[in-house]
There are 2 protein chains.
Amino acid sequence: MSSGKHLAKGSPRPALPDDGVPRLYSMRFCPYAQRAHLVLNAKKVPHHSVYINLTEKPEWLVEVSPLLKVPALHLVAEKEQPSLIESLIISEYLDEKYPQSPLLPKDPLKRAQDKILVERFSGVTGSYMKILLHDASPDELWAALDIFEEELGKRGTPYFGGDKPGFVDYMIWPWFERLAVLKYVLGERYSFDSQRFAKLSAWIELLLKDDVVKSFFATPEQHVEFWRTRKAGNASYDLLA
Amino acid sequence: MSSGKHLAKGSPRPALPDDGVPRLYSMRFCPYAQRAHLVLNAKKVPHHSVYINLTEKPEWLVEVSPLLKVPALHLVAEKEQPSLIESLIISEYLDEKYPQSPLLPKDPLKRAQDKILVERFSGVTGSYMKILLHDASPDELWAALDIFEEELGKRGTPYFGGDKPGFVDYMIWPWFERLAVLKYVLGERYSFDSQRFAKLSAWIELLLKDDVVKSFFATPEQHVEFWRTRKAGNASYDLLA
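If you're wondering where the values come from, they're calculated on a predicted model, not measured in any experiment. (Residues numbered from 1 in each chain as written. Chains lettered and ligands numbered in written order. Predicted model: local features only at pLDDT ≥ 70, side-chain atom pairs only at ≥ 80, totals over all residues. Heavy atoms only, no water.)

1. Some points on the packing of helix α5 (residues 122-134) of chain B against helix α8 (residues 179-186) of chain B
All names here are of chain B. In the contact formed by α5 and α8, the axes pass within 10 Å of each other and the chain directions differ by 35°. As for the relative orientation of α5 and α8, their crossing is left-handed in sense. Packed against α5, whose contacting residues are Tyr128, Ile131 and Leu132, the element α8 presents Val181, Leu182, Val185 and Leu186 at the interface. Considering only residue class, the contact of α5 with α8 consists of seven nonpolar, no polar and no charged. (Axes fitted to C-alpha atoms, helices over the stretch in contact; angles between N-to-C directions. Helix = DSSP H or I, 4+ residues; strand = E, 2+ residues; numbered from the N terminus. Left-handed = near helix turned anticlockwise from the far one by under 90°. Contact = heavy atoms within 4.5 Å. Nonpolar A, V, L, I, M, F, W, Y, C, P; charged D, E, K, R; others polar.)

2. Here's the deal with the interface of chain B and chain A
With 22 residues of chain B at the interface, the matching set in chain A holds 22 residues. Taking both partners together, chain B and chain A bury about 2000 Å²; carbon and sulfur atoms supply 72% of that area. Connecting chain B to chain A are four salt bridges. Its salt-bridge partner being Glu92 of chain B, residue Lys115 of chain A comes within 3.1 Å of it at the nearest N-O pair. At the junction of chain B and chain A, the tally comes to four residue pairs in polar contact (both at pLDDT 80 or more). Going through the elements one at a time, β5 (83-85), α3 (87-97) and α4 (108-120) of chain B are the ones with two or more residues in the side of chain B that touches chain A. Considering every element that reaches the side of chain B that touches chain A, the biggest residue donor is α4 of chain B, with nine residues. (Buried area = accessible area lost by both parts, 1.4 Å probe. Salt bridge = Lys/Arg side-chain N within 4 Å of Asp/Glu carboxyl O. Polar contact = N/O pair within 3.5 Å; in protein donor to acceptor, adjacent residues only side chain to side chain.)

3. A closer look at the UniProt feature "domain: GST C-terminal" (unreviewed entry) in chain A
Annotation from UniProt places "domain: GST C-terminal" (unreviewed entry) at residues 107-226 of chain A. Each end of residues 107-226 of chain A is marked by a C-alpha atom, and these two atoms are 40 Å apart; helix forms 71% of the span and strand 0%. (UniProt positions renumbered as here; feature names shortened; annotations may be inferred.)

4. What about the relation of the copies chain B and chain A?
Mapping chain B onto chain A calls for a rotation angle of 180° and an axial translation of 0.0 Å; the resulting RMSD is 0.0 Å. Between the two chains, the operation in question is that of a two-fold axis. Both copies present the same face, since 100% of the interface residues in chain B are matched by interface residues at the equivalent positions in chain A. (Least-squares fit on C-alpha atoms with pLDDT ≥ 70 in both.)

5. Considering the pattern of salt bridges
Counting across every chain of the model gives 32 salt bridges over all chains. Taking the shortest distance from any N to any O, the salt bridge between Lys69 of chain B and Glu86 of chain B comes out at 3.2 Å. You can see Lys69 of chain B sitting in the loop between α2 (61-64) and β4 (72-74) and its partner Glu86 of chain B sitting in the loop between β5 and α3, a full 17 residues away along the chain. A relative accessible area of 36% means that Lys69 of chain B is categorised as partly exposed. The class for Glu86 of chain B is partly exposed, based on a relative accessible area of 21%. Overlapping salt bridges, with partners in common, bring together Glu92, Glu96, Arg111 and Lys115 of chain A together with Glu92, Glu96, Arg111 and Lys115 of chain B in one network. (Buried < 20%, exposed > 50% of the residue type's maximum accessible area, 1.4 Å probe, protein only.)

6. Some words on helix α9 (residues 198-208) of chain B
Residues and elements named next belong to chain B. Of the residues making up α9, those classed as buried are Leu200, Ser201, Trp203, Ile204 and Leu207. Down the axis of α9, the buried set is contained in an arc of 160°. They therefore lie on one face. In the core, the buried residues of α9 are packed alongside α6 (139-155), α7 (167-177), α8 and α10 (211-215). (Arc of directions from axis to C-beta.)

7. Quick word on the sheet that holds strand β1 (residues 6-7) of chain B
Residues and elements named next belong to chain B. The strand order β1-β3-β2-β4-β5 describes an open sheet built from five strands, whose pairing is mixed. Looking along the sheet, the strands with just one partner apiece sit at the ends: β1 and β5. As defined by bridge partners, strand β2 (residues 23-26) adjoins strand β3 (residues 48-52) across four bridges and the pair is classed as parallel. Following the sheet pairing, Leu24 is matched in β3 by Ser49. Running over the sheet, helix α1 (residues 31-42) touches β2 and β3 and is turned about 150° from β2. In this fold α3 packs onto β4 and β5, with an angle of close to 125° to the strand it touches most, β5. (Pairing = 2+ DSSP bridges.)

8. So, the UniProt feature "domain: GST N-terminal" (unreviewed entry) in chain A
The positions UniProt marks with the feature "domain: GST N-terminal" (unreviewed entry) are residues 20-102 of chain A. The span residues 20-102 of chain A is 33% helix and 18% strand, and its two end C-alpha atoms sit 23 Å from each other.

Rendered as structure tokens:
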């Protein structure tokens, strides 16, 4: 079991109970890893979380994640104990393997449309990193968000998943939880327009009250503090541990 | 119906029969579009192909492909006639929608493993473009191919899909069909090692005899000629039309 502390170079591989439940290799502030946590929690899948210091990675990480990335899901009950990587592939696997509380629609066309929407969210995540790392203007990010504002209008439901959060909602949520980091980095240039993004603003308020989101949540202040320390070269991985 | 000629800026949108079959917007030498052609042909799904000049795109392309990319699959028989984009999403949609000749395994773990393998093929496609556009060394590409040589050994079957080609085989094939372009660009630095890639070499020979691959095939000389003209700024889109 994990204390929530991030294991670094030199840490022994953690002893975990031989209970056969999947082990999620994660980093507490990684938005991609958060996707896997949200899906595991939405579907109430018992699992262990093992947190990894991504600055000084433990030597054994390669055994569960060949590209040394998180999230990685180690399936210890399966033959040969394989690991899965890539947040979207892990999330879709969990949705197929554990049919309770389905997140993706069953209809092939609707499934494809949800996946395309998540793929198009890379416009937002790309702009987000350009702002954080290269001091870019937020205009490109707001333009990428327009697609999601418009799509909520087209769907005519409070969530992308309909009357409750689904695949799209949980796959894109981690970046909305981190809007405060943009505000911190941009200062007066932060220009989220709650008129332009009226539907997304209502959606954010709903997700903040969602039990699954609350089950793996960090406050705006905590996200800012993590970013500040990461930028300064001494990332506070264990801020919440 | 398409003559196979690529439609450019100023071309009217083609008149197609009102038969309700999907329309694939494609470019004859695009490896991503080829994935969709292979899946459509593997599953014998009736469709129309509309070829697009990607240098001078027709004005109406945006109506079926919001990011102006190919492949795009226009589903004219569905309500609101939606279009799908992204070669992997289109391919998975077709595999779910048309159950004949299934390409992905049914088991969620095996599906996820196949998708991860295709995701890791981006190491090959990325290196391929670096060689073509930035005169990079092929070492990185061969290292990325090692994973696939090893995986064929682990699976112990002639194809990634088992006894016949499956999802992985058709998703990665287009870049093997274009090895001659690497040879053309690299000259004496081309160093494909048929010992190091013994299993992949046997696999290539098998795929060259596969009816689906043959249904949408261009010769090494044709791929080289397309690349040569594209590089010179006058891409021979209609070389096979």
